[in-house]
Protein chains: 2
Amino acid sequence: MSELRKDPTRAQWVLVRPRGAVAPDAGDCPFCPGNEAGTPPEIAAYRKDGSAPNSAGWQVRVIPEIDPYFRVEWDLVREGVGMYDKVSPRGAGELIIESPAHEDTPATMGSEKLERVLWMYRDRLEDLKRDTKIRDILVTRRHRKAGARLRHPYSRVTAIPVIYDDLRRELRESREYYQYKRRCLFCDILRQELSDHDRVVHLTPFFLTVVPYAARSPFETWILPRQHACAYETLSAEAGADLARLLSGYFGALASGLGDPAFDLSLHTAPNINSKILQGEWGTINDDYHWHLEIVVHPERANRVGGIFINETPPEEAARRLREAWR
Amino acid sequence: MSELRKDPTRAQWVLVRPRGAVAPDAGDCPFCPGNEAGTPPEIAAYRKDGSAPNSAGWQVRVIPEIDPYFRVEWDLVREGVGMYDKVSPRGAGELIIESPAHEDTPATMGSEKLERVLWMYRDRLEDLKRDTKIRDILVTRRHRKAGARLRHPYSRVTAIPVIYDDLRRELRESREYYQYKRRCLFCDILRQELSDHDRVVHLTPFFLTVVPYAARSPFETWILPRQHACAYETLSAEAGADLARLLSGYFGALASGLGDPAFDLSLHTAPNINSKILQGEWGTINDDYHWHLEIVVHPERANRVGGIFINETPPEEAARRLREAWR
């Protein structure tokens, strides 16, 4: 039994499933080159040397999760259970191994490697969106201090048959804003932040890095493309290179200037508009959503009383400290 | 500078304020009888012996928080900041000291003491709702394992000039449900759970204790009044005594049968309909909301991927284990 259940009091989805198997703590890192046989067969990889799949020689490698929350082999079934709603967790769970080097971190791997990871994000989104039963895909990247169980750098791709709660809220608010103003909410935020300047961390030709006005935790950071686009997959070659350089600088600033804190990065992008159900619910999504990256620094310090987040590092101060750390 | 800022991309409020003062770790517990001078003057107390305010002799005592997030002395100011919105954090932060006995815990204090705490919840809600600038009040109760800094049992009351995010979602969903069905969402949940029976933990004349269908974390528990009422303050004497007995049994089951886990209890009740602004936005709230208690057990184990909570203890299994622990 593994199912998505909807809490009718909050319209919120919860995955209920039996306890997953805990992978045995193998001596050797299964993500390192030469250990490819210790993972499920790869889904995709960048290989400059023409090496064979599931052998060493890759630069970035994508594998299915060993015990994924969402699976592509399952049927998509929507059912009522009395007054309640459930959906089978049909989707996908993948891991993007970012580099062959076990000791690489976001701060040390450099912009060239980061750029390859960014292209793999795009490739996986494009591929998964061909599956019309997938409605939403989240790419996340965690950084934890040394000592975490699996240190080899990786990102996670989780594709699901409903829309993520957080994205649904953003879609709703930005659509309401657009209908009222006929302007993109995020484009307006860009203009506002560039004129205020207090919360700006960094500006490149293609991206604004900013601490949001109502940051929920100290040092929360958003990276917004300056050119409007609802979907990450439309990233141009120049913008991708620019983003990789900027991320390298940002991760370096965190590591050298802020004591290498833990962080959670997530890619907020339009859901899968190839899905018919989604078209019925949301119509087209274009001028009314704006893809971006959100980074929650020190996620363990996010503090809330009821639904109210309490942030004791004002965003203007956080932006100043991030700017200083960047130098 | 201390202000509520609204995140326009999620319509979510965040309190931004400078770092609060950390109370010095006094040797003596400031909540114990005899140490009343070490706290701000009391707001209310139950005293059977006619003892003077701010002296020993109380059964339950309410004091202001030392460095509250929300203050009643501040003006209520709503302002635009460019495209953004902010509100001054006018409200109140109070602590309800539940018992004179430092070593009391929810599991050991017994139903008589718990009942007094429940009446104090009602008194504080009634009093605070006379203030029409207060829109919403949350009563919360944390239980942590021994070793937490302040062990003396207390609840927290936080009154704010906006509606809590979580309550807003519940109000919206339950109103939508009511408008469609002309039945209360929570009354329907009561009927559904009583007929399914799998997730029922305990039934008393006035309350149903249940693990919700889409529990977000293992052992999440809701306590729903069987008679419809939108506001906790309408609790009758019989129902109050019933609730105290049931909470005593529930807390005892957690402590003896589930290894005394940490938990967060919160009271979900209608917001302050005396507030004019709230009347404008929500009209009356009556048949379309249903007060209840929510208890998140093991809050540290709540696990989410994106907006999807992952719960690896199916609610039916959690309910069975809670029933067994109760015996």
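Not measured: the values here are computed from a predicted model. (Residues numbered from 1 in each chain as written. Chains lettered and ligands numbered in written order. Predicted model: local features only at pLDDT ≥ 70, side-chain atom pairs only at ≥ 80, totals over all residues.)

**Notes on the relation of the copies chain A and chain B**
What counts here: All copies are superposed by least squares; the fitting set is the C-alpha atoms of residues with a pLDDT of at least 70 in both. We call two residues in contact if the C-beta atoms placed from their backbones are at most 7 Å apart.
For the pair chain A and chain B, the relating rotation is 180°, the translation along its axis is 0.0 Å, and the fit reaches an RMSD of 0.0 Å. Such a combination of rotation and displacement between the chain copies is what one expects of a two-fold axis. Taken as a fraction of all interface residues of chain A, those also at the interface in chain B reach 100%, which identifies the copy contact as same-surface.

**Quick word on the environment of Leu267 of chain A**
Residue and element names in this part refer to chain A. This is how it is decided: In DSSP terms, a helix is any run of H or I states spanning at least four residues, a strand is any run of E spanning at least two, and both are numbered starting from the N terminus. Think of it as a crowd count around each C-beta: if 20 or more other C-beta atoms lie within 10 Å the residue is buried, if 12 or fewer it is exposed, and in between it is partly exposed, with C-beta placed from the backbone throughout.
Its location among the elements puts Leu267 in strand β13 (residues 263–268). A count of 20 C-beta atoms within 10 Å places Leu267 in the buried class. Sequence-distant contacts of Leu267, defined by excluding residues within four places in its chain, comprise Tyr121, Val139, Tyr232 and Leu293.

**Some words on the environment of Ala241 of chain A**
Mapped onto the elements of the fold, Ala241 of chain A is located in helix α4 (residues 237–257). For the pair Ala241 of chain A and Arg116 of chain A, spaced 125 residues apart in sequence, the C-alpha to C-alpha distance is 9.4 Å.

**Re the pairing of strand β10 (residues 200–203) of chain A**
All names here are of chain A. Cut-off, in case you're wondering: Strand pairing requires that DSSP identify at least two bridges connecting the strands.
Here β10 runs beside strand β11 (residues 207–210); their pairing, made up of 3 bridges, is antiparallel. From the neighbouring strand, Val200 faces β11, where its bridge partner is Val210. Counting the residues in the hairpin turn of β10 and β11 gives 3 residues.

**Here's the deal with the nonpolar core**
As a reminder of what qualifies: Here, a nonpolar core means buried Ala, Val, Leu, Ile, Met, Phe, Trp, Tyr and Cys residues linked by C-beta atoms lying within 7 Å of one another.
The biggest cluster of nonpolar side chains holds 168 residues, and the ones touching the most others in it are Ile96 of chain A together with Ile96 of chain B. Those residues in contact with Ile96 of chain A that sit more than four places away from it in its chain are Val60, Val62, Val117, Met120, Arg124, Tyr154, Ser155 and Val157 of chain A.

**A few points about the interface of chain A and chain B**
How we decide: Residue type decides the class: Asp, Glu, Lys and Arg count as charged, Ala, Val, Leu, Ile, Met, Phe, Trp, Tyr, Cys and Pro as nonpolar, and the leftover types, Gly among them, as polar.
On the chain B side, the residues contacting the 49 residues of chain A number 49 residues. Of all the elements in the fold, those that place two or more residues in the side of chain A that touches chain B are β1 (3–7), β2 (12–16), β9 (154–160), α2 (165–181), α3 (185–196) and β16 (308–311) of chain A. The leading source of residues in the side of chain A that touches chain B is α2 of chain A, at 6 residues. Taken together, the residues of the side of chain A that touches chain B sort by class into 25 nonpolar, 9 polar and 15 charged. As paired strands, β2 of chain A and strand β16 (residues 308–311) of chain B are joined by 3 bridges and run parallel to one another. When the sheet's bridge partners are listed, Val16 of chain A is paired in β16 of chain B with Asn311 of chain B.

**Things to note about unusual backbone geometry**
Residue and element names in this part refer to chain B. Although it is not a glycine, Ala11 adopts a positive phi angle of roughly 50°. Tracing the sequence through the fold places Ala11 in the loop between β1 (3–7) and β2 (12–16). Ala11 sits in the partly exposed class, given 16 other C-beta atoms within 10 Å. The backbone of His197 sits at a positive phi, close to 75°, despite the residue not being glycine.

**Observations regarding the packing of helix α1 (residues 110–129) of chain B against helix α4 (residues 237–257) of chain B**
Residues and elements named next belong to chain B. For clarity, the cut-off: A fitted line through C-alpha atoms represents every axis, and for helices the fit uses only the stretch in contact; the resulting angles, taken between N-to-C directions, go from 0 to 180 degrees. Oblique is the label for any angle not covered by the other classes, which are roughly parallel (under 35 degrees), roughly antiparallel (over 145) and roughly perpendicular (65 to 115). Crossings are assigned a handedness: left-handed for a near helix turned anticlockwise from the far helix by less than a right angle, right-handed for a clockwise turn.
Relative orientation of the contacting elements α1 and α4 amounts to 125°, with a least axis distance of 8 Å. Put simply, α1 runs oblique to α4. In this structure, the crossing between α1 and α4 has a hand that is right-handed. Residue-level inspection shows Gly110, Ser111, Leu114, Glu115, Leu118 and Trp119 of α1 in contact with α4, the latter providing Gly240, Ala241, Leu243, Ala244, Arg245, Leu247 and Ser248.

**Notes on the pairing of strand β14 (residues 292–297) of chain B**
Residue and element names in this part refer to chain B. Within β14, 6 of the 6 residues are buried, which leaves it mostly tucked inside the rest of the structure. Here β14 shows two buried faces, one formed by His292, Glu294 and Val296 and the other by Leu293, Ile295 and Val297. In the sheet, strand β12 (residues 221–225) pairs with β14 via 3 bridges, with the strands oriented antiparallel. Residue pairing for β14: Ile223 is matched across the bridge by Leu293. With 6 bridges connecting them, strand β13 (residues 263–268) and β14 associate as antiparallel partners.

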